[in-house]
Amino acid sequence: CTRDSRDPLDARPAVDDDARGPSVEEIKGIGPAYAERLAGIDIETVGDLAGADAAAVAEGASVGEKRAATWIDRANEF
């Protein structure tokens, strides 16, 4: 079975960013550059960050684990 280009799943609208939650840039200490690094590891919203592992965030965003843990704490308090 091949997928037809008219398949309704292919026509789904993109997810509205507002529906996904506030951007990580809302967190104190995260600006556009850090937000871009976080997006590279699929962390784009405050909710994404709140559920993340500090070691993984630190490695993926090229920051210290203490900074990553602070961001995660702030996301959980958001």
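Residues numbered from 1 in each chain as written. Predicted model: local features only at pLDDT ≥ 70, side-chain atom pairs only at ≥ 80, totals over all residues. Heavy atoms only, no water.

Quick look at the overall build of the chain now. If you tally the helices and strands in the chain, you get five helices and zero strands. N-terminal to C-terminal, the α/β element order of the chain is α-α-α-α-α. Looking at the 78 residues of the chain, the share that counts as buried comes to 24%. Put simply, of all contacts in the chain between residues at least 6 apart along the chain, 35% involve residues at least 24 apart. Only carbon and sulfur atoms are counted for the fraction: they give 47% of the accessible area of the chain, which is about 5,500 Å². (Helix = DSSP H or I, 4+ residues; strand = E, 2+ residues; numbered from the N terminus. Buried < 20%, exposed > 50% of the residue type's maximum accessible area, 1.4 Å probe, protein only. Contact = heavy atoms within 4.5 Å. Areas by Shrake-Rupley, 256 points an atom, 1.4 Å probe, with all protein chains shown as cover.)

Interhelical geometry of helix H4 (residues 54–61) versus helix H5 (residues 65–77) gives an angle of 115 degrees and a closest axis separation of 8 Å. Handedness of the H4/H5 crossing: right-handed. Residue-level contacts link Ala54, Ala55, Val57, Ala58 and Ala61 of H4 to Glu65, Ala68, Ala69, Trp71 and Ile72 of H5. Along the lines of polarity and charge, the residues of the contact of H4 with H5 split into nine nonpolar, no polar and one charged. (Axes fitted to C-alpha atoms, helices over the stretch in contact; angles between N-to-C directions. Left-handed = near helix turned anticlockwise from the far one by under 90°. Nonpolar A, V, L, I, M, F, W, Y, C, P; charged D, E, K, R; others polar.)

This part takes up the nonpolar core. Among the nonpolar cores identified, the biggest contains 17 residues, and Val24, Ile30, Leu38, Leu49, Val57 and Trp71 are the most heavily contacted of them. Secondary-structure elements contributing two or more residues to this core are helix H2 (32–39), helix H3 (46–50), H4 and H5. Every residue in contact with Leu38, bar those within four places of it in the chain, is listed here: Val24, Ile30, Ile43, Val57, Ala61 and Trp71. (Core = buried A, V, L, I, M, F, W, Y, C linked by side-chain atoms within 4.5 Å.)

Moving on, we get to the confidence of the model for the chain. Looking at the chain as a whole, its pLDDT mean stands at 84, while 76% of the residues score no less than 70. In the model, residues 7–17 has pLDDT below 50 throughout and makes five contacts with residues more than four positions away in sequence or in other chains. (pLDDT = per-residue confidence, 0-100.)

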